[in-house]
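Chain and residue survey
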Amino acid sequence: MSVVLQDLIFSYHDHDTLLNISRWEVAAGEKVFLQGESGSGKSTLLNLIAGILPATSGQITLLDERVDQLNQRQRDRFRAGNIGYIFQQFNLIPYLNAVDNILLANEFSKKVKRNGIARAQELLEQLKLPDSVWRLPGQSLSIGQQQRVAIARALFNSPRLIIADEPTSALDQKNRIAFMTTLMDLCDAYQSTLIFVSHDPTLACDFDRTDVLADINRAGA
Ligand SMILES: Nc1ncnc2c1ncn2[C@@H]1O[C@H](COP(=O)(O)OP(=O)(O)OP(=O)(O)O)[C@@H](O)[C@H]1O
């Protein structure tokens, strides 16, 4: 099993309980589409799984490791080594070029190899980013190009778990289809588990399973 949540409770400081999930599992290699109304807590759940936010209580087991028992620093290290996170905003460093954006984000990881530049370029090639723009600063790239750099950054370490939070929301249909095809192909190639949040139900057909957050969350039910 890649992800197991058990008796997970979360509330933002001084707020009502937002998430109360008795059990939720994602198998290794599974691709799950997570749907839910705006404000229902999808991004919060992804941040809990990624270890960016600590749970109020309960267990989060990723790749057989109880990440809820790790301290913040250990969680950061675990994330860097095992999780690729693709955000809605790609969060590229605007003045760094594509290759350096990929390398910088992966500096944390022990798995970063000496030949990191070659690896970054190989991914950009797979993602069909023209080599003429590899050395341009992030701020000079189009949205679709930035998105591909963001995928390359997330996949650099061949993460066993990929988390994507509305990564296609800024793309037109052509770029959306290209993005989804690439993401799925790379997930298959690396046998990565994928948890993907989107408001676009037309994307759900690419996935093994669709879960609706309200169905697994007892908070406010
Ligand atoms: N730092 C915070 N402090 C307090 N409340 C927060 C914080 N971040 C988010 N929230 C609240 O938690 C709830 C869930 O937010 P979240 O971003 O997880 O929802 P979402 O399902 O991802 O929404 P959307 O689909 O609109 O992106 C919202 O009511 C939001 O206002």
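Above this text you will find the structure in question.
Attention here is on the structure that accompanies the text. (Residues numbered from 1 in each chain as written. Predicted model: local features only at pLDDT ≥ 70, side-chain atom pairs only at ≥ 80, totals over all residues.)

**Overview of the nonpolar core**
Selection rule: By convention the nonpolar core is taken to be a set of buried residues drawn from Ala, Val, Leu, Ile, Met, Phe, Trp, Tyr and Cys and joined through C-beta atoms within 7 Å. Counts of 20 or more other C-beta atoms within 10 Å of a residue's own C-beta define buried residues, counts of 12 or fewer define exposed ones, and intermediate counts define partly exposed ones; C-beta atoms are placed from the backbone. By the criteria applied, helices consist of DSSP H or I runs no shorter than four residues and strands consist of E runs no shorter than two, each listed in order from the N terminus.
Counting 54 residues, the largest nonpolar core has I49, A152, I163 and I195 as the members making the most contacts within it. At 6 residues, helix 5 (residues 143–155) tops the list of elements feeding residues into this core.

**Focus: helix 3 (residues 98–105)**
Note on helix geometry: an α-helix contains 3.6 residues per turn, so any two residues three or four positions apart are oriented the same way. This is how it is decided: The arc refers to the directions leading from the helix axis to the C-beta atoms. Residues are scored as being in contact if the C-beta atoms we place from backbone atoms lie within 7 Å.
Restricting attention to buried positions, one finds in helix 3 the residues A98, V99, N101, I102 and A105. Each buried residue of helix 3 lies within a common arc of 165° when the element is viewed along its axis, so the set occupies one face. Buried positions along helix 3 lie against helix 4 (116–126) and helix 5.

**Notes on unusual backbone geometry**
What you tend to see is this: most non-glycine residues have negative phi, and most peptide bonds are trans. Positive phi values are uncommon outside glycine, yet D14 reaches one of about 65°. Among the secondary structure elements, D14 is positioned in the loop between strand 1 (3–10) and strand 2 (19–26). With a phi angle near 70°, D64 is a residue other than glycine that sits in the positive phi range. Residue placement: D64 occurs in the loop between strand 4 (57–62) and strand 5 (65–66). The exposure class assigned to D64 is exposed, which follows from the 9 C-beta atoms found within 10 Å.

**Structural notes on the environment of T44**
Locating T44 in the fold gives a position in helix 1 (residues 42–49). A residue is classified by how many C-beta atoms lie within 10 Å of it, and T44, with 18 of them, is partly exposed. Ignoring any residue separated from it by four or fewer positions in sequence, one finds T44 in contact with F10, L18, L19 and L53.

**Some remarks on the packing of helix 3 against helix 5**
Let me state the cut-off plainly: Note on definitions: angles span 0 to 180 degrees between N-to-C directions of axes, and those axes are lines fitted to C-alpha atoms, for helices only across the stretch in contact. For a crossing to be left-handed, the near helix must be turned anticlockwise from the far one by less than a right angle; the clockwise case is right-handed. In this classification, the charged set is Asp, Glu, Lys and Arg, the nonpolar set is Ala, Val, Leu, Ile, Met, Phe, Trp, Tyr, Cys and Pro, and all remaining amino acids, among them Gly, are polar.
With their axes 9 Å apart at the nearest point, helix 3 and helix 5 run at an angle of 35° to one another. With respect to the hand of their crossing, helix 3 and helix 5 are arranged in right-handed fashion. Side by side, helix 3 and helix 5 meet where A98, N101, I102 and A105 of the first sit next to V149, A152 and R153 of the second. Of the residues that constitute the contact of helix 3 with helix 5, the class distribution is 5 nonpolar, 1 polar and 1 charged.

**A look at the packing of helix 5 against helix 6 (residues 173–190)**
Put simply, the rule reads: Here the word oblique covers every angle except those under 35 degrees (roughly parallel), over 145 (roughly antiparallel) and from 65 to 115 (roughly perpendicular).
Two elements in contact, helix 5 and helix 6, have axes separated by 11 Å at closest approach and are oriented at 10°. With respect to helix 6, the axis of helix 5 lies roughly parallel. Listed contacts from helix 6 to G144, Q147, I151 and L155 of helix 5 are N175, F179, T182, L183 and L186. The residue makeup of the contact of helix 5 with helix 6, split by class, is 5 nonpolar, 4 polar and no charged.

**A closer look at the sheet that holds strand 6 (residues 83–86)**
Quick reminder of the rule: Pairing between two strands requires that DSSP report at least two bridges joining them.
Strand order in the open sheet made by the 5 strands is 6-7-8-3-9, with parallel pairing throughout. Strands at the two margins of the open sheet, each flanked by one partner only, are strand 6 and strand 9 (209–212). Here the average twist between neighbouring strands, direction ignored, is 15°.

**Remarks on helix 6**
What counts is decided by this rule: Multiplying 1.5 Å by the helix residue count minus one yields the expected span of that helix.
With 18 residues, helix 6 ought to run about 26 Å at 1.5 Å a step, and its terminal C-alpha atoms sit 26 Å apart, in line with that. Of all the residues in helix 6, the buried ones are R176, F179, M180, L183, L186 and C187. All buried residues of helix 6 fall inside an arc of 140° around its axis, so they share one side. In helix 6, the exposed positions angled more than 90 degrees off the buried face are occupied by K174, T181, D185, D188 and A189. Tucked into the core, helix 6 has its buried residues touching strand 3 (31–35), helix 5, strand 7 (161–165) and strand 8 (193–197).

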